[in-house]
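# Inside the fold
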Amino acid sequence: MILSIFAHCDDEVIFGWPILFERAFDRHLLICSSDENNPDRAWCKRRKEALAEVCDLLGVSFTCLPYPSEFFRLGNRPNGEQLGPIHSVVADICRVIDAHN
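Bear in mind that the values here come from a model prediction, so they are computed numbers and not experimental data.

The number of helices and strands found in the chain is three helices and three strands. Per-residue burial over the chain gives 34% buried out of 101 residues. Considering only contacts within the chain whose residues lie at least 6 apart along the sequence, 64% involve residues at least 24 apart. In the form shown here, the chain has an accessible surface area of approximately 6,500 Å², with 56% of it arising from carbon and sulfur atoms.

Set out below in structure tokens:
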């Protein structure tokens, strides 16, 4: 199993194409930001659909998280008893990684 982690849809094609075409292994992509719910980047909200088409054509499974691509805008400091919003993103990424050992 090869688990590749990329920030955005289309990064898998730009940076991960050697892995995408390696059929000797099961391949899974983890994309951390789809921007599908980001009104500031509405022009790219359908990137997840293109990712699904590419993965379907190549027989690659994927997980695409719905986060906006501007991670630097998420708070990372604890707020009282709660961790900052970036920690939920990190927890989701770790959950997907753990699921694929």
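In this section: helix H3 (residues 86–99). Note: α-helices contain 3.6 residues per turn, so residues at a spacing of three or four share the same orientation. The end-to-end C-alpha separation of H3 is 20 Å, in line with the 20 Å expected for 14 residues at 1.5 Å each. Turning to H3, its buried residues are Ile86, Val89, Ile93 and Val96. Looking down the long axis of H3, one finds its buried residues gathered within 90° of arc, a one-sided arrangement. Facing away from the buried surface of H3 by more than 90 degrees, the exposed residues are Asp98 and Ala99. Residues of H3 that are buried in the fold lie against strand S2 (27–33) and strand S3 (61–67). One or two residues past the end of H3 sits Asn101, with phi positive at roughly 35°.

Counting residues in hydrophobic clusters, the biggest one holds ten residues: Phe6, Cys9, Leu20, Leu29, Ile31, Leu51, Cys55, Leu58, Val60 and Cys64. Elements with a contribution of two residues or more to this core: S2 and helix H2 (47–58). In terms of nonpolar packing, the next biggest core, distinct from the first, is built from eight residues, Cys32, Leu65, Tyr67 and Val96 among them.

The next subject is the side chain of His28. Along the chain, the position of His28 falls in strand S2. His28 gets classed as buried once you look at its relative accessible area, which sits at 5%. Within the structure, the side chain of His28 is placed 2.9 Å from the side chain of Thr63, a separation counted as a polar contact. Sequence-distant contacts of His28, defined by excluding residues within four places in its chain, comprise Met1, Ile2, Leu3, Ser4, Val60, Ser61, Phe62, Thr63 and His100.

Conventions adopted
- Residues numbered from 1 in each chain as written.
- Predicted model: local features only at pLDDT ≥ 70, side-chain atom pairs only at ≥ 80, totals over all residues.
- Heavy atoms only, no water.
- Helix = DSSP H or I, 4+ residues; strand = E, 2+ residues; numbered from the N terminus.
- Buried < 20%, exposed > 50% of the residue type's maximum accessible area, 1.4 Å probe, protein only.
- Contact = heavy atoms within 4.5 Å.
- Areas by Shrake-Rupley, 256 points an atom, 1.4 Å probe, with all protein chains shown as cover.
- Expected span 1.5 Å × (residues − 1).
- Arc of directions from axis to C-beta.
- Core = buried A, V, L, I, M, F, W, Y, C linked by side-chain atoms within 4.5 Å.
- Polar contact = N/O pair within 3.5 Å; in protein donor to acceptor, adjacent residues only side chain to side chain.

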